[in-house]
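# Structure at a glance
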Amino acid sequence: GENVEQHPSTLSVQEGDSAVIKCTYSDSASNYFPWYKQELGKGPQLIIDIRSNVGEKKDQRIAVTLNKTAKHFSLHITETQPEDSAVYFCAADPDRGSTLGRLYFGRGTQLTVWP
Amino acid sequence: KAGVTQTPRYLIKTRGQQVTLSCSPISGHRSVSWYQQTPGQGLQFLFEYFSETQRNKGNFPGRFSGRQFSNSRSEMNVSTLELGDSALYLCASSRGQLAGNGEQYFGPGTRLTVT
């Protein structure tokens, strides 16, 4: 099955700096890669996603890049704010373009933004 | 639009008992996926239902089962509870149709503690 690895496990940055989280996946058939933010006591919140026909996608301060050849994708957060502090998860969907509701998740990155 | 709701939010059970968790998806969503989240194993896919049919199942023992009703609401059941079943159980809903509609939205989860 699909194996998703995520680094780093913890990340501390100063407010206003950028944060980068990287993930690799093993199944070359995966073609949908969402990112989730989970705050304490809450369920994961979808913040951005990318499909394999796109190399980069931006949404305000958040961007995601995908390199299908190398099988890795990254989350970039610019101008970080204290409210960005949370656990971030990457995920991959191995079901070859169908939507069968199965995601494989990385182990998460605890991001802390210091004021 | 209301989000994904899960009930109950917290449960304490004893080893050997069984438990039923409930999930109501976003209106119009026909796919419901269940995940188990633990500090040791992270987020792991349990199973997914679409139009009352299980389409996908993760690598969990038969003690874990689920079902979906005609209104897309879903329940999962765990029988003969073990201490290791203590976890946050998350439900996610999506439209469940072909590629392009695979975004999954999570509920707040049910925190199950087995003593």
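Below or above, wherever it landed, is the structure these notes cover.

Thresholds applied
- Residues numbered from 1 in each chain as written.
- Chains lettered and ligands numbered in written order.
- Predicted model: local features only at pLDDT ≥ 70, side-chain atom pairs only at ≥ 80, totals over all residues.
- Heavy atoms only, no water.
- Buried < 20%, exposed > 50% of the residue type's maximum accessible area, 1.4 Å probe, protein only.
- Helix = DSSP H or I, 4+ residues; strand = E, 2+ residues; numbered from the N terminus.
- Pairing = 2+ DSSP bridges.
- Contact = heavy atoms within 4.5 Å.
- Buried area = accessible area lost by both parts, 1.4 Å probe.
- Salt bridge = Lys/Arg side-chain N within 4 Å of Asp/Glu carboxyl O.
- Nonpolar A, V, L, I, M, F, W, Y, C, P; charged D, E, K, R; others polar.
- Axes fitted to C-alpha atoms, helices over the stretch in contact; angles between N-to-C directions.

## With respect to the pairing of strand 8 (residues 74-78) of chain B
Residues and elements named next belong to chain B. A large share of strand 8 lies buried, amounting to five of its five residues. Where strand 3 (residues 19-24) lies against strand 8, five bridges are found, and the strand directions are antiparallel. Within strand 8, the residue paired with Leu21 across the bridge is Met76. Pairing of strand 7 (residues 64-68) with strand 8 involves five bridges; the strand directions are antiparallel. Along strand 8, the bridge assignment pairs Gly66 with Met76.

## Side note on the interface of chain A and chain B
Chain A puts 20 residues into the contact, and the matching count from chain B is 28 residues. The contact between chain A and chain B buries some 1800 Å² in all, and 50% of this surface belongs to carbon and sulfur atoms. Across the contact surface, chain A and chain B share one salt bridge. Two residues, Arg51 of chain A and Glu103 of chain B, come together in a salt bridge whose shortest N-O distance is 3.4 Å. A breakdown of the residues in the side of chain A that touches chain B according to their chemical character gives eight nonpolar, six polar and six charged.

## Thoughts on the pattern of salt bridges
All names here are of chain A. Tallying each qualifying case throughout the model produces ten salt bridges over all chains. Linking Lys37 and Glu39 is a salt bridge whose minimum nitrogen-to-oxygen distance equals 3.9 Å. Take Lys37: its relative accessible area is 13%, and that puts it in the buried class. Residue classification places Glu39 among the partly exposed positions, given a relative accessible area of 29%. Where salt bridges share partners, they join Lys37, Glu39 and Lys42 into one cluster.

## Looking at the sheet that holds strand 7 (residues 62-67) of chain A
Residue and element names in this part refer to chain A. One open sheet accounts for five strands, arranged 1-3-8-7-6; its pairing is antiparallel. A single partner strand is all that each edge strand has here, and the edge strands are strand 1 (4-7) and strand 6 (56-59). Pairwise comparison of adjacent strand axes, ignoring direction, gives a mean angle of 15° for this sheet. Where strand 3 (residues 19-25) and strand 8 (residues 72-77) come together, six bridges link them in antiparallel fashion. By the bridge assignment for strand 8, Cys23 is matched with Phe73.

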